[in-house]
Amino acid sequence: MKRKAEKQQSTAPVSAMSAVAARKARQQQAQAAKTEVFVEITNEPPTKRPRRSLEGPPVTPNGEESKGPRTRSSTKQDASSPAVTRAGRQKKSSESEQLEPQSNGVAEENVDSDQEEIEQDKTEVEEEIAEDEVASVIGDADGYESPADTPAELQNFPLSKARLNKSNILYADDNTMCIRIKEKTNLALLGQYDLWVKRGVVSLMGAKLHPSARVYRVYAPSTHSLPVIKCVSGVEGEAEVEIKSCKSGLTRLRDISPLYQKIWNGENTAADKLTLKGARKDSRRTFSVLYTSADDSLKRHLRPLHLDKKWSASMKALSQRHGQLRVLVCGPKASGKSTFSRYLLNHVLSPAPETENGYINTDGCAFLDLDPGQPEFAPMGQVYLAHLRAPFFGPPFTHPSLDASRDGQILRAHHIGATSPKEDPDHYALATMDLMEQYRSLLTRYPQCPLIVNYPGWIFGQGLEVATWLIKSLGLSDVVYMSEKGPTEVVEPLSMAANGARVQMTILPSQPTDFVSRSSAQLRSMQIQSYFHMLHPSGLNNPLWSDAPLSRTRPITVDYAGDKQGILGIMVLRSHINPAMLREVLEGAIVGVVAIESSNAINGAATDTSTSKSANNDNDNEDDVDADEDVEMNSGEQHAESAVSGPIANSVLRTPAEDLPYLYVGAGTSVPLNPSASNCLGLALIRSVDVASRKLELSTPIPSSRLSDAIEQGHELVLVRGQVDNPNWAVSEEYYAARAAERRYQKSIARRKKANDPAVDKEAESKTLAVLRERIRRASNVPWMTVVEDNSRRHREAAAQREKSLWKLRKKAYPGSESETDW
């Protein structure tokens, strides 16, 4: 009867309020009777909007969920629930903020105590994302994201067509498995692994991988659609692949940020247990095989990424242009531009044998990323040109930098200092043209190097003017617009520009995701945090990540005054800061480290010299401080004779109290550096300004070799403060690390008690716990963060609601909407 009533309710009009009331009454009666109806949704097309389970709230014809009664969580509540709040916020908002687990009793009942990592996952899944991050997303300038009003019901969504059995498992142990995959079947994996194609041809994230000795690193977190390994062709209808666990350290970032929790594989699935027969009981790989989303022990909304047929056909047609390909990918926000560009890039870089189509790519592929908000191979706030030689398998936060990578390098980058080009379109256009000049220079060495241009979602208003100008001036071969729904006010100007430039234009359907577990602002935080914790050890092909908080790493000290001054000046883009306030603006900020190549970097740099000269003379008698031996940015006598410092140094003003070199030129705003005479080397975090020693303490992942090369070439270094997101993640790293250390020690105590270890020293354990808790207390006592103890019912219910909520993307693509100014 319940199923029939729900079926009738789903066809009722939205305006039938009496039917909604009746539906609520029936739900209450059903809950009182404790009846349950299990409905399994199978064979749902992945490209369509997911259907709701009949157990969940009904869906109206407009796709909106009608609200039904909610059951109270029966999980055991933690006694203390610290929360993070920002200074100046209303007290009301702090009541719903939470960082610590609210329910962990039920979650750990069915977990084997020997599986430490799984138990840690279960505990960390309960830790809530800080409210300051959620609030920043709700008030994000793009205005396109909001948490879903009603939590989406979990569905049994199909992920893999292939099924593992004794006949297609060649060998397996606790780290590796080698399997056969039949043609036209696929396999979805969650986690991270190394893939080796031994026989046949498989496709993965747009790339066709042929048998070779090359091993590819694949990252498949739950934050994005899962990559699918599909057999394209094989020997006797089967392909043979080896999948092996890998440890990169990326999973350990969950100890310093809640955004990295609950994104990798959980407990072993049924397919994992089949391939782990004979292995240790507690064996666990860094990946899991999933047949459906119900196999996930953490119950996440997992989806595979199946490309639209038009996407696949377009990629195949574009790749047939070989070295003559020059394509611009544009469209509205959240339409799939980055995904299409990533898959097209992998498709072009597929190492196909020459015998397949008579062509082999030996010149790599150029990737011009013009999206400073969500760049692919660099942190936010930059546009760049990269030269790539091999496909990449993973979302942007798994490759936030190409430094020391054997598969590609960034040839040139420019610091925009914002997540949107609308802040300074003129500077954005100049940076784009300079990067195109760099590409033309690349063609002299690699004449068959194709080009893929990724344009941001800033496609309305002034962004449309910039897009049409790029189509006319870049010498493209193709334009791909990622929306069949228009609007015509955008498509017509783009089509006219393409026709005028004799460029072929292709319109493809957008392929957005309805629900995602991380917002765009949170993904930016994950990417820049990954950037600062990424390592490139010599001798290793793949990068590693460190989970040490930045506050516990050794900073780079740079002299900003004196004979060994390591930087020429400090700029603040698009604003005029009072010199007395410069120190407050810099401490704790993200800055771009830019190398100035000539005196043309600043227009009018030689003007207004009287004030700066007198200010410089006032500081000639400052005591010189010895530089740190390991600091490459402190140039001293290593500088080549530079023609840059003369004219530009005349525009440097010294702050009255700190003697900071303030590089300010322009009328009312600070003029950005000329892209043709500057190059961004990367980002740095200013940890402090030591006025007594005239030094800056910086944290930066920029290799020292890049800094040394710039100095040896006579380039001056400038720190550019833009308007990128504040590094709130860096403030809270020590707090999360301290909490993780306490949890690990408590688990070690529990294991010793369970094993009846006679060497247990309760007094020593108590002292250690006291030290760890004191570390937590100190870590919480930092600026802009306060730990609040609140175990009220309202707090617990709000935390449980946030745990179930997902982010729903909403596209606004019409004139007069926010999308004309925001993207």
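Thresholds applied
Residues numbered from 1 in each chain as written. Predicted model: local features only at pLDDT ≥ 70, side-chain atom pairs only at ≥ 80, totals over all residues. Heavy atoms only, no water. Helix = DSSP H or I, 4+ residues; strand = E, 2+ residues; numbered from the N terminus. Buried < 20%, exposed > 50% of the residue type's maximum accessible area, 1.4 Å probe, protein only. Contact = heavy atoms within 4.5 Å. Areas by Shrake-Rupley, 256 points an atom, 1.4 Å probe, with all protein chains shown as cover. Phe/Tyr/Trp six-rings, centres within 6.5 Å; stacked < 30°, edge-to-face > 60°. Lys NZ or Arg CZ within 6 Å of the ring centre and 35° of its normal. Pairing = 2+ DSSP bridges. Axes fitted to C-alpha atoms, helices over the stretch in contact; angles between N-to-C directions. Core = buried A, V, L, I, M, F, W, Y, C linked by side-chain atoms within 4.5 Å. Parallel < 35°, antiparallel > 145°, perpendicular 65-115°, else oblique. Left-handed = near helix turned anticlockwise from the far one by under 90°. Nonpolar A, V, L, I, M, F, W, Y, C, P; charged D, E, K, R; others polar. pLDDT = per-residue confidence, 0-100. Disulfide = S-S within 2.5 Å. Salt bridge = Lys/Arg side-chain N within 4 Å of Asp/Glu carboxyl O.

## Quick word on the overall build of the protein
If you tally the helices and strands in the protein, you get 20 helices and 31 strands. Here the protein holds 823 residues, and 54% of them are scored as buried. Partitioning the contacts of the protein with sequence separation of at least 6, the portion at a separation of at least 24 is 79%. Only carbon and sulfur atoms are counted for the fraction: they give 48% of the accessible area of the protein, which is about 36,100 Å².

## Examining the packing of aromatic side chains
Under the defined criterion, the tally for this structure stands at eleven aromatic pairs. On the basis of an interplanar angle of 75° and a centroid distance of 5.6 Å, the ring pair of Tyr-735 and Tyr-736 is categorised as edge-to-face. Comparing Tyr-735 with Tyr-736, the two get one shared label, buried. Feature note: the residues Phe-367, Phe-377 and Phe-392 constitute an aromatic cluster, connected by ring pairs. Over the ring of Tyr-291 we find Arg-163, and its NZ or CZ is 4.4 Å from the ring centre. If you follow Arg-752 out to its NZ or CZ, it ends over the ring of Tyr-745, 6.0 Å from the centre.

## A few points about the sheet that holds strand E16 (residues 451–454)
Taken together, the seven strands give an open sheet; going across it, the order is E15-E14-E13-E16-E12-E17-E18, and neighbouring strands pair in mixed fashion. Single-partner strands in this sheet number two, and they are strand E15 (408–415) and strand E18 (504–507). Averaged over all neighbouring strand pairs, the angle between strand axes comes to 15°, with direction disregarded. Examined bridge by bridge, strand E17 (residues 478–481) and E18 share four bridges and lie parallel to one another. Its bridge partner lying in E18, Val-480 is registered against Thr-506.

## Quick look at the nonpolar core
Core analysis: the biggest nonpolar cluster contains 69 residues, and Ile-243 and Phe-340 have the highest contact counts within it. Those residues in contact with Phe-340 that sit more than four places away from it in its chain are Trp-311, Ser-314, Met-315, Leu-318, Val-329, Val-480, Met-482 and Leu-508.

## A few points about the packing of helix H18 (residues 728–754) against helix H19 (residues 762–780)
In contact at an axis separation of 8 Å, H18 and H19 are set at 165° when each is read in the N-to-C sense. Judged by the inter-axis angle, H18 sits roughly antiparallel to H19. The chirality of how H18 crosses H19 is left-handed. The segment H18 lies against H19, with Glu-734, Tyr-735, Ala-737, Ala-738, Arg-739, Ala-741, Glu-742, Tyr-745, Gln-746, Ile-749 and Arg-752 engaging Ala-764, Glu-765, Thr-768, Leu-769, Leu-772, Arg-773, Arg-775, Ile-776, Ala-779 and Ser-780. Looking at the contact of H18 with H19 residue by residue, the class counts come to eleven nonpolar, three polar and seven charged.

## Looking at the confidence of the model for the protein
Should the pLDDT be low somewhere, the predicted coordinates at that spot are not to be read in detail. Here the protein averages 77 in pLDDT, and 68% of its residues register 70 or above. This stretch, residues 1–18, has a pLDDT under 50; its non-local contacts, to residues over four places away or in other chains, come to 21 contacts. Counting interchain partners and residues more than four positions distant, the pLDDT-below-50 stretch residues 33–119 has 193 contacts.

## Focus: the state of the cysteines
In a disulfide, the sulfur atoms of two cysteines are covalently bonded to one another. Inspection of every chain in the model, using the stated rule, returns zero disulfides. Left without a disulfide partner, Cys-449 is nearest to the cysteine sulfur of Cys-365, which lies 5.9 Å away. Since its relative accessible area comes to 0%, Cys-449 is described here as buried.

## Remarks on the pattern of salt bridges
The final tally for this structure, using the stated rule, is 32 salt bridges. Among the salt bridges present, the one from Arg-321 reaches Asp-478, with a minimum N-O distance of 2.7 Å. Separated by 157 residues along the polypeptide, Arg-321 in the loop between helix H7 (309–319) and strand E12 (326–330) and Asp-478 in strand E17 bring together distant segments of the chain. Under the relative-accessibility criterion, Arg-321 is labelled partly exposed at 31%. Note that Glu-597 and Arg-412 form a salt bridge whose closest N and O atoms lie 3.1 Å from each other. Of the two residues, Glu-597 sits in the loop between strand E24 (590–596) and helix H15 (609–617) while Arg-412 sits in strand E15, which places them 185 residues apart along the sequence. For Glu-597, a relative accessible area of 27% gives the class partly exposed. Judged by its relative accessible area of 9%, Arg-412 falls in the buried class.

## Quick look at the environment of Ala-779
Within the secondary structure layout, Ala-779 lies in helix H19. It is 8.5 Å that separates the C-alpha atoms of Ala-779 and Tyr-736, two residues lying 43 residues apart in sequence.

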